[in-house]
Amino acid sequence: MKKKCSLLFFILGIIVNMNAQKNPVHLSVYYTNKATTIKYTETDYNQRVIKGYVLAEVVDGGGCETTVTENGSKYLIERVFGSEPELFQVSKADVDIKLFEISPFPVSMIGNGLNFATSDGLKARVFKSNSNGHKYMASSYSKELGTSLSSCYVLCMECINEYDGKKNYVENPVAVKNGNILNDGIFPIVWASGLGSERSSYDKTGKLLYNQRCDFDGQNLIVAYIGSEKALYFDGKFYYLVDSSTQSTAGARNESSTAQTLDDLPISDILKLIEYEGDYGDILKNNGYKYVGEYSTAACRCAISTWCRNCTASKSGDVLQFQKGTSCIVCHCMAMGDYPTLTIEVFNINARDIIVNELRKIGFVENGGDSNQRYFSRENVDYGTDATLVKTKKGWKFSLYPVAS
């Protein structure tokens with residue numbers, strides 16, 4: 001009897017093992033390994049694409065409506081956008097194929113929300129939403145979400161529209177299946193606010209800002225969690241998980257301050273310039289800043305107005321000489337046909353960290369980076385403001401865009 005029980009447990013162990021080791025789902029991404037030309041087979045049209053262009057994304061089991069077949073020395077690729085398929089071919093020699101194993105994304109990971117960021121500053125986040133008095137207007141699809149639509153999990157990703165170069169948001173409530181989201185990499189975009197994709201429908205705390213509708217066919221995209229990279233994959237990019245436990249100290253290691261001392265830095269008033277539509281001098285002069293002048297250049301088609309505090313600076317915003325106290329340079333940069341940018345440069349670590357803390361106080365959230373460059377963002381109903389912190393030759397510069405005129 002004892003031997004029979006042992007054998008039974010052994011067999012059960014094999015069965016459990018086999019179930020736990022089901023064939024993983026893979027994502028195959030076809031990239032161009034150099035600048036090349038793709039030729040559309042049903043129209044007299046050729047497209048020149050750069051190195052790293054994503055030609056196709058294929059998930060085991062299908063669902064993304066993209067197929068790749070071999071045709072001699074070429075790949076024949078069919079992609080479906082809406083109801084119109086496009087068929088083109090490209091030389092195999094110009095293509096690299098990368099294979100990634102898709103990992104389950106357990107809800108237990110999300111907690112109060114997770115932030116991700118690409119190496120070039122695009123951000124993504126997964127969070128639990130709050131309808132905030134607004135509505136998810138749908139009946140049939142709501143059952144698939146597996147949770148109340150008044151408080152569902154949402155994936156929000158920033159991307160760049162390849163046609164106009166503008167930032168767009170891809171975001172959607174996500175279904176929970178077996179305790180996971182993004183199980184197979186297929187991500188159906190079927191929700192929209194009707195206000196366009198150039199703004200997020202959620203604030204930084206996950207509150208819904210506009211009614212959402214689910215009354216169109218939408219489109220299947222590939223969004224997958226790649227556990228080996230601790231990253232989300234989307235549109236050829238990896239959005240790496242930002243470790244919230246290290247965000248507040250990111251960039252502070254292996255740095256030393258200049259010989260200056262920190263007396264004070266009236267930065268809270270300076271940050272009011274983000275939304276101030278009057279003369280910057282009204283605020284800056286009252287906080288000890290001197291107007292340097294205006295610098296313009298035809299090459300970049302922009303005008304820069306500069307103020308400095310406890311230092312001397314050039315009209316273009318370069319520090320020339322330090323003086324006693326905390327030195328700081330503030331510039332208003334206006335490019336032709338664009339919104340203004342506010343830059344603030346300081347020259348010791350304490351001053352840098354004071355600005356970071358003040359940004360957090362007014363709603364900015366840090367979204368990744370390294371010791372040389374860090375990213376922050378603040379979102380509201382009207383527009384979002386991004387802040388980038390960059391290590392300069394003599395200090396640290398914050399660039400905030402867009403700001404009021």
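A quick note: this is a predicted structure, and the numbers were derived from the prediction, not measured. (Residues numbered from 1 in each chain as written. Predicted model: local features only at pLDDT ≥ 70, side-chain atom pairs only at ≥ 80, totals over all residues. Heavy atoms only, no water.)

1. Remarks on the overall build of the chain
Secondary structure assignment for the chain yields four helices and 30 strands. By residue count, 44% of the 405 residues in the chain fall in the buried class. Counted over contacts in the chain with a minimum sequence separation of 6, partners at least 24 positions apart contribute 55%. In the form shown here, the chain has an accessible surface area of approximately 21,700 Å², with 50% of it arising from carbon and sulfur atoms. (Helix = DSSP H or I, 4+ residues; strand = E, 2+ residues; numbered from the N terminus. Buried < 20%, exposed > 50% of the residue type's maximum accessible area, 1.4 Å probe, protein only. Contact = heavy atoms within 4.5 Å. Areas by Shrake-Rupley, 256 points an atom, 1.4 Å probe, with all protein chains shown as cover.)

2. As for the pattern of salt bridges
Scanning the entire structure with this criterion turns up 13 salt bridges. Its salt-bridge partner being R79, residue E86 comes within 2.6 Å of it at the nearest N-O pair. Residue E158 is joined to K123 by a salt bridge in which the shortest nitrogen-to-oxygen separation is 3.7 Å. Taken together, the positions of E158 in strand β13 (residues 153–160) and K123 in strand β11 (residues 123–128) put the pair 35 residues apart, joining distant regions of the chain. For E158, a relative accessible area of 3% translates into the label buried. Taken together, the shared-partner salt bridges in this structure form one network comprising K123, E158, K167 and D386. (Salt bridge = Lys/Arg side-chain N within 4 Å of Asp/Glu carboxyl O.)

3. Some thoughts on the nonpolar core
Formed by 29 residues in total, the largest nonpolar core has its most connected members in V330, L342, I344, F398 and L400. Of all the secondary structure elements, the ones that give two or more residues to this core are α2 (267–270), α3 (281–284), β25 (328–335), β26 (341–346), α4 (349–361), β29 (385–391) and β30 (396–401). In terms of residues, this core owes the most to one element, α4, which gives five residues. Among residues more than four places away in sequence, those in contact with V330 are I270, L273, L284, Y289, S305, T306, W307, L342, T343 and I344. (Core = buried A, V, L, I, M, F, W, Y, C linked by side-chain atoms within 4.5 Å.)

4. Brief notes about the sheet that holds strand β4 (residues 54–59)
As a general point, the strands of a sheet are linked pairwise by backbone hydrogen bonds and lie either parallel or antiparallel. The strand order across the open sheet built from three strands is β4-β1-β8, with neighbouring strands paired in antiparallel fashion. Whereas interior strands pair on both sides, the edge strands pair on one side only; in this sheet they are β4 and β8 (95–101). With direction set aside, neighbouring strand axes in the sheet form an average angle of 15 degrees. For strand β1 (residues 26–32) and β4, the ladder comprises five bridges, and the chain directions are antiparallel. The residue bridging L27 from the neighbouring strand is V59, located in β4. (Pairing = 2+ DSSP bridges. Axes fitted to C-alpha atoms, helices over the stretch in contact; angles between N-to-C directions.)

5. Focus on the environment of I304
Tracing the backbone through its elements, the reader meets I304 in strand β22 (residues 302–309). Given the relative accessible area of 13%, I304 is considered buried. Remark: the alpha-carbon pair of I304 and V330, spanning 26 residues in sequence, is separated by 10.0 Å. The residues contacting I304, other than those within four sequence positions of it, are G293, E294, Y295, K315, S316, C331, H332 and C333.

6. Some remarks on the confidence of the model for the chain
Averaged over every residue, the pLDDT of the chain is 78; the share at 70 or more is 78%. Per-residue pLDDT stays below 50 along residues 1–21; that stretch engages in zero contacts with residues further than four places along the chain or on separate chains. Here residues 244–261 is a poorly scored stretch, pLDDT under 50, and it has 35 contacts once near neighbours within four places are set aside; other chains count. (pLDDT = per-residue confidence, 0-100.)

7. So, the state of the cysteines
One pass over the structure, following the stated rule, counts zero disulfides. Not engaged in a disulfide, the cysteine C333 finds its nearest cysteine sulfur in C331; these two sulfurs lie 5.4 Å apart. (Disulfide = S-S within 2.5 Å.)

8. Some details on the environment of V58
Mapped onto the secondary structure, V58 falls in strand β4. Counting along the chain gives 32 residues from V58 to H26, while the straight-line C-alpha distance between them is 8.4 Å.

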